[in-house]
Amino acid sequence: MAITVTARHPALGAEVRGVDMREPLDDATVQAIGDAWMKHLVLVFPDQRITDQEHVAFTRHFGEPEIFHQTSLHLRSDRVKEIFLVSNVDDQNRLMAPSAPSQKQLSSSRMWHTDSSYRPTPSVGSLLHGIEISRTGGITQFINMYRVYDDLPDSLRRQVEGRRARHDFSMLHRLVGSPPPTPEEQAAMPPVWHPMVRRHPVTGARSLYISSIYNDAVEGLAEAAARKLIEELSEFAAQPQYMYRHVWEPDDVLMWDNRCTVHAVTPHDPGERRVMHRTTIVGTEPVLV
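First, a word on scope: everything that follows refers to the structure included in this document. (Residues numbered from 1 in each chain as written. Predicted model: local features only at pLDDT ≥ 70, side-chain atom pairs only at ≥ 80, totals over all residues. Heavy atoms only, no water.)

**Some thoughts on the sheet that holds strand 12 (residues 243-246)**
Part 1 of the reasoning: The 3 strands lie next to each other as 12-6-14, forming an open sheet whose pairing is antiparallel. In this open sheet, the two strands that pair with only one neighbour each are strand 12 and strand 14 (261-265). Taking each pair of neighbouring strands and ignoring which way they run, the sheet shows an average axis angle of 20 degrees.
Part 2 of the reasoning: Across 4 bridges, the pairing between strand 6 (residues 140-144) and strand 12 is antiparallel. The residue bridging Phe142 from the neighbouring strand is Tyr244, located in strand 12. (Pairing = 2+ DSSP bridges. Helix = DSSP H or I, 4+ residues; strand = E, 2+ residues; numbered from the N terminus. Axes fitted to C-alpha atoms, helices over the stretch in contact; angles between N-to-C directions.)

**Things to note about the pairing of strand 5 (residues 125-132)**
Part 1 of the reasoning: Within strand 5, 6 of the 8 residues are buried, leaving the element largely enclosed by the surrounding structure.
Part 2 of the reasoning: Note that strand 5 and strand 15 (residues 275-281) share 7 bridges and pair antiparallel. The residue of strand 15 that forms the bridge with Leu127 is Thr279.
Part 3 of the reasoning: The pairing of strand 5 with strand 13 (residues 253-257) spans 5 bridges and is classified as antiparallel. Opposite His129, over in strand 13, you have Val253 as the bridge partner. (Buried < 20%, exposed > 50% of the residue type's maximum accessible area, 1.4 Å probe, protein only.)

**Quick word on the nonpolar core**
Part 1 of the reasoning: Counting residues in hydrophobic clusters, the biggest one holds 27 residues, and the most contacted among them are Leu12 and Phe142.
Part 2 of the reasoning: Breaking this core down by element, the ones donating at least two residues are strand 3 (42-45), strand 4 (84-87) and strand 13.
Part 3 of the reasoning: Those residues in contact with Leu12, other than ones at most four positions away along the chain, are His40, Leu41, Val42, Phe142, Ile143, Asn144, Tyr242, Met243, Tyr244 and Thr261.
Part 4 of the reasoning: Core analysis: the second largest hydrophobic core is formed by 24 residues, Leu208, Ile210, Val218 and Met243 among them. (Core = buried A, V, L, I, M, F, W, Y, C linked by side-chain atoms within 4.5 Å. Contact = heavy atoms within 4.5 Å.)

**Focus on the sheet that holds strand 5**
Part 1 of the reasoning: If you walk across this open sheet you meet the 7 strands as 1-2-3-13-5-15-4, and the pairing is mixed. A strand with exactly one partner marks an edge of an open sheet, and here the two such strands are strand 1 (4-7) and strand 4. Neighbouring strand axes in the sheet, compared pairwise and without regard to direction, differ in orientation by 25 degrees on average.
Part 2 of the reasoning: Of the pairings in the sheet, the one linking strand 1 to strand 2 (residues 14-17) comprises 4 bridges and is antiparallel in character. Paired with Val5 across the bridge in strand 2 is Val16.

**Some words on the packing of aromatic side chains**
Part 1 of the reasoning: Overall, the coordinates contain 10 aromatic pairs when judged by the stated rule.
Part 2 of the reasoning: Measuring from ring centre to ring centre gives 4.8 Å for Phe68 and Phe84, while their planes differ by 80 degrees; the resulting arrangement is edge-to-face. With Phe68 in the loop between helix 2 (52-59) and strand 4 and Phe84 in strand 4, the pair connects residues that are 16 residues apart, well separated along the chain. For the residue pair Phe68 and Phe84, the accessibility class agrees, reading buried in each case.
Part 3 of the reasoning: Members of the aromatic cluster, each reached through a chain of ring pairs, are Phe68, Phe84, Tyr118, Phe169 and Tyr214.
Part 4 of the reasoning: Taking NZ or CZ as reference, Arg157 lies 4.5 Å from the ring centre of Tyr149, over its face.
Part 5 of the reasoning: The ring of Phe84 carries Arg278 above its face, with NZ or CZ at 4.4 Å from the centroid. (Phe/Tyr/Trp six-rings, centres within 6.5 Å; stacked < 30°, edge-to-face > 60°. Lys NZ or Arg CZ within 6 Å of the ring centre and 35° of its normal.)

Purely geometric numbers; function is a separate question.
Listed below in structure tokens is the structure:
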């Protein structure tokens, strides 16, 4: 395949043309996509009319797809276990109310985060397929955390250098009122501590590593001070010069690097259907400093 890569924002985000995810990829194409991914952090593949099985097969070119550990809220596909359901439509094709347990939990995605940071070995990246998209919002925003780290004011830099933050999946329950994890789910995913500044295993560059929906503690700080620091860091990061805002078109597939970006979705009309399927690439190494 002859592919073209066109930047969409100076900080991050590029459109990739010439790739058909329904077809096998040769090694040269996989390498070209990987190189573009490392350079642009977020890749947009338009017009990918793929099945969930094809979605998973494409993901496997870049790593092993994660299987979501939580089963109580039915956020994992019954048909293809590697698919995480970002959807407000249930198994009977009915629109779910915002008060539904799964929708409460998904509402946390409106805050800045990086996927699976609560795992001892956090994920490499994620791929999201827009099947039914929103026209009243639902814009997915991404931030280049390399540039954020480079530009941190001294007052914030001093507070993150050499420090760790805790990442706890059960923070979602406390944050948005979704059902708490079951004892089995809690045992499978206990809180973990990760450095607040990490080094990318491929590029070698350093980035700020926070995930506000999971960060419930910071080393050496009281709870209120820890929350304030995460909020200040998130506020600093959310500046236009660091951010790509993706307005979805049907059958867009987005691929992003969870090791150097955070993302958040804007609200949309809860009466509008939004069906998106995600794979997440299992991490291969601990967070490097």
